[in-house]
Amino acid sequence: MRLHRFIGEYNLNKDIIEIKDLDFIKQIKSVLRLELGDFLILCDGNGIEAKVEIIEINKGEIITQVIERTEKEQDLKKVSLYLSILKKENFELAVEKAVEIGVSEIIPIITERTIKLNLNEDRLRKIIREASEQSGRVYLPKLSPIMKFEDAILDGKKNEENIFFDIVDIKETVRGSFASAHSNSASIFIGPEGGFTEEENNFAKENNYEIQSLGKLTLRAETAAIIATYKVVNNL
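Everything numeric in this text was worked out from a predicted model, so none of it was measured. (Residues numbered from 1 in each chain as written. Predicted model: local features only at pLDDT ≥ 70, side-chain atom pairs only at ≥ 80, totals over all residues. Heavy atoms only, no water.)

Attention shifts here to the sheet that holds strand β2 (residues 16–19). Backbone-to-backbone hydrogen bonds pair the strands of a sheet. The strands run either parallel or antiparallel. Within the open sheet, the 5 strands sit side by side as β1-β3-β4-β5-β2. Their pairing is mixed. Since the sheet does not close on itself, it has two edges, and those belong to β1 (5–7) and β2, each with one partner. Neighbour-to-neighbour, the strand axes of the sheet open up by a mean angle of 40°, direction not taken into account. Where β2 and strand β5 (residues 62–71) come together, 4 bridges link them in antiparallel fashion. Of the residues in β5, the one forming a bridge with I16 is Q65. Seen against the sheet, helix α1 (residues 22–31) touches β1, β2, β3 (39–43), β4 (48–57) and β5 and runs at an angle of roughly 170° to β1. (Pairing = 2+ DSSP bridges. Helix = DSSP H or I, 4+ residues; strand = E, 2+ residues; numbered from the N terminus. Axes fitted to C-alpha atoms, helices over the stretch in contact; angles between N-to-C directions. Contact = heavy atoms within 4.5 Å.)

Structural data, given as structure tokens:
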């Protein structure tokens, strides 16, 4: 039986863990209808998870006892997704699915064609946490501050691979595959609706980014972000 997973700021080195997050308590009591003796998985978002048993249910807290704990290494390629800010629901969809696929970091960027310039970061962090719980992740992806395009390009060079996805002729791309199975980290760039400008494309080239296309069809930005993340995380 699949146990329900909750990611929070837990000290999983202790034997008794208190759940005080009111949203978690409501979900456990009213949605999942769990009772004394039922089990959960608690994660600290940094690689440690614990199977716990509910031993006490109160109005403002649920007390659990650790049955077993496990420390896991990050087994996916570290992928940083630099994504132009999109309309609310489109950006949220891209973030949710990228987290489920295995992205390590999401960096919202402002490009020349970006229209929306702000984000609800609290809501995005909630989406990231819930998507991580749903997909069984033990490491919580990071949501970084908004960056301007030029700064983001320079920041992305921290990773081994730098891939710039744009609406270009497939013949002009650097190579047919998107990512190397031999690298441990990659930065991928996805632009707004309409793509990057010629100047932005040239700036990426000047900084040794690999220019890649996702095919002959024109994709919505959120679709491109999902496909690109999947291919790079899985070295396709």
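Now, onward.
Inspection of every chain in the model, using the stated rule, returns 14 salt bridges. Between R5 and E49 there is a salt bridge, with its nearest N and O atoms 2.8 Å apart. Residue R5 is found in strand β1, and its partner E49 is found in strand β4; the two are separated by 44 residues along the sequence. Residues E18 and K20 are paired through a salt bridge, measuring 3.3 Å at the closest nitrogen-oxygen approach. According to the relative accessible area criterion, K20 is exposed, its value standing at 51%. (Salt bridge = Lys/Arg side-chain N within 4 Å of Asp/Glu carboxyl O. Buried < 20%, exposed > 50% of the residue type's maximum accessible area, 1.4 Å probe, protein only.)

A word on the pairing of β3. In terms of burial, β3 is a largely internal element, 4 of the 5 residues being buried. Where β1 lies against β3, 3 bridges are found, and the strand directions are parallel. Residue pairing for β3: I7 is matched across the bridge by C43. Inspection of the sheet shows β3 paired to β4 by 5 bridges, in the antiparallel sense. Bridge pairing links I41 to K51 in β4. Connecting β3 to the next strand, β4, in antiparallel fashion are 4 residues, including G45 with a positive phi near 80°.

This part covers the environment of E96. One can find E96 in helix α2 (residues 88–101). Expressed as a C-alpha distance, the spacing of E96 and K78, which sit 18 residues apart in the sequence, is 17 Å.

For the rest of this paragraph, the subject is the nonpolar core. Ranked by internal contacts, the top residues of the largest apolar core, which has 29 residues, are L83, V95, I188 and I190. Mapped onto this core, the elements with two or more residues apiece are β6 (78–84), α2, α3 (121–135), β10 (161–165), β11 (185–190) and α6 (221–233). A total of 6 residues in this core trace back to one element, the largest contributor, which is α6. With residues near it in sequence (within four places) discarded, I188 still touches V79, S80, L81, Y82, I163, F165, A228, T229 and V232. One finds Y10, L34, L40 and I54 within the second-largest nonpolar core, a separate group that totals 17 residues. (Core = buried A, V, L, I, M, F, W, Y, C linked by side-chain atoms within 4.5 Å.)

Our next topic: α3. The terminal C-alpha atoms of α3 lie 21 Å apart, and with 15 residues this matches the ideal 21 Å at 1.5 Å per residue to within 8%. Where α3 is concerned, the buried positions are L124, I127, I128, R129, A131, S132 and E133. The elements touched by buried residues of α3 are β1, α1, α2, β7 (105–110) and β8 (142–143). Remark: G136 follows α3 within two positions and exhibits a positive phi of approximately 80°. (Expected span 1.5 Å × (residues − 1).)

We note that R33 has phi near 55°; this positive angle belongs to a residue other than glycine. In this structure, N208 takes a positive phi of about 65° despite not being glycine. Summarising the element assignment, N208 is placed in the loop between α5 (198–206) and β12 (210–212).

Without other data, these values stay purely geometric and don't point to any function.
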